[in-house]
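Coordinate inspection notes
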Amino acid sequence: MNYTLIPKELRPIAEKIEAASRISERDALILYRSNDLNALGMLANVVRERKNGNFATYIHNRYINYSNICVLSCQFCAFAAKKRDAHAFEHAVSEIIQAVAEALPLGITEVHMVGGLHPTLKKEWYLDLLRGLRALDPDLHIKAFTAIEVRHLAQRIFKMPIPETLELLRETGLGSITGGGAEIFDAGVRDRICRGKETAEEWLDVHRIWHRMGGRSTCTMLYGHIETLEQRVDHLRQLRGLQDETAGFSGFVPFAFEPQTTVLAHIKRASAIEQLRNLAVSRIYLDNIDHLTAYWVSLGLPLAQVSLSYGVDDLHGTIMEEKIFHMAGATTPQQQSIAALEHAIREARRIPVQRDSYYRHLKRSTSSRPRSEAELACA
Ligand code: SF4
């Protein structure tokens, strides 16, 4: 590492990073407060490269939001609706299976499915859905349900303990649970923006149970609303702690809050610099989570591409249809083609590789070497 490019106050942290030593919460705060974005990127890249070499991945997936009807009303959420609302929707099992059946010939390897906390859908509805998807293709990975959906299913719909609920979902086809719903773990923040949602301990416990069953999941952070930097660091601390215990998180996916059509519309959206800083600090602090995903739905593909130089090694997926961020006002496209994701990766001088739901490499692009500037200009 070229220490002359690292400001003096970050050098002790840089030494820890170079020695592959863990940084402290105090270090993470110093990094968050640094104005030297290039230095943060340089430091994050040391961790990224150590873990993932010159590869950057993406997944060919299809998002499905089965319903937005929800018993809660989180302040940051423009997706949820009550049954009486004009924008409420609830897809039939057959409609969802049809949508996934149409995506399979395109080569998707994963369906990613979340919804609101629906008050009346029955246990059999969820099981029929999983069975139907499993019957379509036994190799299709079904990634579904946030920790709070799992708790809702267990307590209000299945009326079973969480471990038994997860076991039944797995037997019926569930491949992994999603990382959503973590928001910011701090109890005061949760009380203000998502009262009634599960606590940090409850969120972590669902993932802990799933990991102990041998399952894997991703983890997230919704930032850029009312939280402080200390609360972000505390959130990361709790994720790192559970990962030390279970090693069950495959990747971390931070999302910047999308305020436009929410009741928190007065909050200014996180800037590009803030998003890159958050990715870089996360990459450095979460030394026990192998992958860092840039969620292009919120970043936009151009900034997601830049983030490959700020610790990111994964550009998430093709997605095909996204509702949660777009209903909150995101102006990014609904989907990305494999060609667009690979081109973004190559331009960043990384080797594009399609991955599976556990971030394992599936296949490299036919032209997987990073291309020269002249070649890129002609592409
Ligand atoms: S964030 Fe989830 S739990 Fe909260 S209102 Fe939206 S859909 Fe419901």
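One can find the structure itself at the top, above this paragraph.
Because the structure is predicted, anything quoted here is derived from the model rather than measured.

Check the secondary structure of the protein and you find 16 helices and 10 strands. Taken against the 2.2 N^0.38 rule, which gives 21 Å for 379 residues, the C-alpha radius of gyration of the protein at 20 Å falls within 12% of a compact globule. Principal-axis analysis of the C-alpha atoms gives the protein an extent of 60 × 50 × 40 Å. Across the 379 residues that make up the protein, the buried fraction comes to 60%. For the protein, long-range pairs separated by at least 24 residues make up 73% of all intrachain contacts whose partners lie at least 6 apart in sequence. Carbon and sulfur atoms make up 52% of the accessible area of the protein, which totals about 15,100 Å².

Moving on: the packing of aromatic side chains. Within the structure shown, the criterion is met by 10 aromatic pairs. Where tryptophan 125 meets tyrosine 126, the ring centres are 5.1 Å apart and the plane angle is 80 degrees; that geometry is what we call edge-to-face. Given the relative accessible area of 0%, tyrosine 126 is considered buried. Pairwise contacts between aromatic rings join Tyr66, Trp125, Tyr126, Phe145 and Phe158 into one cluster. Lying over the aromatic face of tyrosine 285, arginine 240 brings its terminal NZ or CZ to 3.7 Å of the ring centre. A cation sits over an aromatic face here: arginine 355 above tyrosine 359, 3.8 Å from the ring centre.

The subject of this paragraph is the sheet that holds strand 5 (residues 217-223). Taking strand neighbours across the sheet as the criterion, the three strands line up as 5-6-7 in an open arrangement whose pairing is parallel. At either end of the open sheet lies a strand with only one pairing partner, and these are strand 5 and strand 7 (291-292). Sheet topology note: the strand 6 (residues 249-256)/strand 7 ladder contains two bridges and is parallel. The residue of strand 7 that forms the bridge with phenylalanine 252 is leucine 292.

Criteria and cut-off values
- Residues numbered from 1 in each chain as written.
- Predicted model: local features only at pLDDT ≥ 70, side-chain atom pairs only at ≥ 80, totals over all residues.
- Heavy atoms only, no water.
- Helix = DSSP H or I, 4+ residues; strand = E, 2+ residues; numbered from the N terminus.
- Rg over C-alpha atoms; globule rule 2.2 N^0.38 Å.
- Buried < 20%, exposed > 50% of the residue type's maximum accessible area, 1.4 Å probe, protein only.
- Contact = heavy atoms within 4.5 Å.
- Areas by Shrake-Rupley, 256 points an atom, 1.4 Å probe, with all protein chains shown as cover.
- Phe/Tyr/Trp six-rings, centres within 6.5 Å; stacked < 30°, edge-to-face > 60°.
- Lys NZ or Arg CZ within 6 Å of the ring centre and 35° of its normal.
- Pairing = 2+ DSSP bridges.

Bear in mind that shape data such as this cannot, by itself, settle questions of function.
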